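# Structural features, examined
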Amino acid sequence: MKERKIKSWKKPGVSPGTLIYTREKVQDNVSLQLIQYTEKDFNSWEEKSIEGLVGKIDKNKINWININGLHDTALIEFVGNYFGIHPLVLEDVLHTEHMPKLDDYDAYLFLTLKMLRLNGKRIEQEHISMILGDYFVITFQEKDGDIFDILRERLKAGKGRLRMRQADYLYYRLLDTVVDNYYLVTDVLEESLEKIEETLLKQKPDGISEKILDEKKKMISLRRSIIPLREEFRKFRQKEFHLIQPETYSFLDDVFDHLTHLSHSLDSFRDLTTSLLELQMAVNSNRMNDVMKTLTIYAAIFMPLTFIAGIYGMNFHRMPELGWYWGYPLALGAMAVIAIFMVFYMKRKKWM
């Protein structure tokens, strides 16, 4: 996807927080949501106008702004102007192929990563960016639909410690939800590899190479999302971000442990994939040996018969079939039936 550039974060003479967005409403494929809460209060709005959304922001409450759709560059630029976000950060938000990265800009903390979802047995990736400020969390997503509905429900119900903590705890819970969903994807990958292994051990390897290579591609995709994110999460262990409360670091350390566990699991899957390829080659080799052994037995049985027929030919005087009117067609028919039977037998044995 072509990267869209943000040339400047404000017009000359315009300070952060000044509204400069001129479009009456956002594009149809973009949706906006604001969740605002305190320990005793909760409100949620879905807007088509960014002005209407930011007009409801209350700096005395925690504000979660969720933007679905990264195609409205003017909208992203407006958000950058309102919150004073650096243009390089906005370019990273729009660059959907960007690797996971964590940057501290003093006034806010920026993280971009990949959200993984299962569509049947296919893994879908979605670029997501998160910005943490003193009183707000902004999430940018490529499209509608996500895995954060459970957090929205918990915020609305006031369950757990979500409503009692600051914005940094919401930031952690969003990250934790994304990482927990990685487990669902890796579980499916592990299950697929186990099924492939069982299939190989039953010596039914038809089309198994394609399946192994497909799972290997999924594993490579997962590694590209998880390993760089784990390395970026190491920065949280420095505990130097003033926007992160001291008590939140222990939760972030737990997310780092999850990422470490996932990376080790992927290493194990990589070794298992290599073993499966080697096992498939061994199974194919054994299968070919069995085929050759069977054909050799048949050849050994018919070899002396063919030898005798080659010497004597079919030149015996008393051969009643030679005088039959339908002898020749019947002989050709018998040859065709035997050939068809042999082909059917070999296909049933999966030699062909």
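Residues numbered from 1 in each chain as written. Predicted model: local features only at pLDDT ≥ 70, side-chain atom pairs only at ≥ 80, totals over all residues. Heavy atoms only, no water.

### Topic: the overall build of the protein chain
Along its length, the protein chain carries eight helices and seven strands. Counting over 352 residues, the protein chain shows a buried share of 41%. Long-range contacts, defined as pairs at least 24 residues apart, comprise 66% of the intrachain contacts of the protein chain with a sequence gap of at least 6. Of the roughly 19900 Å² that the protein chain leaves accessible, carbon and sulfur atoms contribute 55%. (Helix = DSSP H or I, 4+ residues; strand = E, 2+ residues; numbered from the N terminus. Buried < 20%, exposed > 50% of the residue type's maximum accessible area, 1.4 Å probe, protein only. Contact = heavy atoms within 4.5 Å. Areas by Shrake-Rupley, 256 points an atom, 1.4 Å probe, with all protein chains shown as cover.)

### A short note on the pattern of salt bridges
Within this structure, the stated rule accounts for 15 salt bridges. E191 is the salt-bridge partner of K195, the closest N and O atoms lying 3.6 Å from each other. Highlighted residues: K195 and E191, both in helix α5 (residues 167-201), separated by four residues, approximately one helical turn. Taking the relative accessible area as the measure of exposure, K195 reaches 43% and is therefore partly exposed. For D253, the salt bridge is made with R237, and the minimal N-O distance between the two is 3.7 Å. Of the two residues, D253 sits in helix α7 (residues 249-312) while R237 sits in the loop between α6 (208-233) and α7, which places them 16 residues apart along the sequence. Exposure remark for D253: the relative accessible area of 18% places this residue in the buried category. (Salt bridge = Lys/Arg side-chain N within 4 Å of Asp/Glu carboxyl O.)

### Looking at the confidence of the model for the protein chain
Per-chain confidence: the protein chain averages 81 in pLDDT, with 86% of residues scoring 70 or above. Counting interchain partners and residues more than four positions distant, the pLDDT-below-50 stretch residues 6-22 has 38 contacts. (pLDDT = per-residue confidence, 0-100.)

### Regarding the packing of aromatic side chains
The geometry of an aromatic ring pair is captured by the separation of the ring centres together with the interplanar angle, meaning the angle of the planes. Throughout the structure, instances matching the rule amount to eleven aromatic pairs. Plain terms: the ring middles of Y82 and F83 are 4.9 Å apart, the flat faces sit at 75 degrees to each other, and that makes the pair edge-to-face. Assessed through its relative accessible area of 12%, F83 is described here as buried. Considering the side-chain rings of Y105 and Y108, the 5.1 Å spacing of their centres and the 15 degrees angle between planes classify their relative orientation as stacked. One aromatic cluster is present, formed by F78, Y82, F83, Y135 and F136 through successive ring pairs. (Phe/Tyr/Trp six-rings, centres within 6.5 Å; stacked < 30°, edge-to-face > 60°.)

### Points about helix α4 (residues 149-157)
If you check which residues of α4 are buried, you get L151, R152 and L155. Seen along its axis, α4 keeps its buried residues to an arc of 100 degrees; they face one direction. Within α4, the exposed residues directed more than 90 degrees away from the buried face are I150, E153 and K156. Packing partners of the buried residues in α4 comprise β1 (31-37), β2 (42-47), β3 (62-68) and α5. Looking one or two residues beyond α4, the residue adopting positive phi is G158, at roughly 70 degrees. (Arc of directions from axis to C-beta.)

### So, the pairing of strand β6 (residues 122-132)
Consecutive residues of a regular strand have side chains that alternate between opposite faces of the sheet. Most of β6 is tucked away: nine of the eleven residues are buried. Across eleven bridges, strand β5 (residues 109-119) lies against β6 in antiparallel orientation. Looking at β6, one finds that L109 is bridged to L132. Following β5, the chain reverses through two residues before pairing antiparallel with β6; G120 in that reversal takes a positive phi of roughly 70 degrees. One ladder, built from five bridges, connects β6 with strand β7 (residues 136-141); its direction is antiparallel. Bridge pairing in β7 links M130 to T139. (Pairing = 2+ DSSP bridges.)

### Section: unusual backbone geometry
Of note in the backbone geometry, D106 takes a positive phi value of approximately 65 degrees without being a glycine. Tracing the backbone through its elements, the reader meets D106 in the loop between β4 (101-104) and β5. Accessibility expressed as a relative area gives 54% for D106, which makes it exposed.

### As for the sheet that holds β5
As summarised here, the arrangement of the seven strands in space is β2-β1-β3-β7-β6-β5-β4, forming an open sheet in which the pairing is mixed. At either margin of the open sheet sits one strand with a lone partner, and together these are β2 and β4. Between one strand axis and the next, the sheet turns by 20 degrees as a mean value, whatever way the strands run. Along the sheet, α4 contacts β1, β2 and β3; its crossing angle with β1, the most-contacted strand, is approximately 35 degrees. On top of the sheet, α5 reaches β1, β3, β5, β6 and β7; it is set at about 35 degrees to β5, its chief contact. (Axes fitted to C-alpha atoms, helices over the stretch in contact; angles between N-to-C directions.)

### Some remarks on the environment of S265
Summarising the element assignment, S265 is placed in helix α7. Owing to a relative accessible area of 19%, S265 belongs among the buried residues under this scheme. In this structure, the C-alpha to C-alpha distance between S265 and E190, residues 75 residues apart in sequence, is 9.1 Å.

### Thoughts on the nonpolar core
A general tendency of soluble globular proteins is for nonpolar side chains to be buried together. Among the nonpolar cores identified, the biggest contains 57 residues, and F148 and F233 are the most heavily contacted of them. For this core, the element with the highest residue contribution is α5, accounting for 15 residues. Beyond its immediate stretch of four places on either side in the chain, F233 contacts L111, L175, L252, V255, F256 and L259. (Core = buried A, V, L, I, M, F, W, Y, C linked by side-chain atoms within 4.5 Å.)

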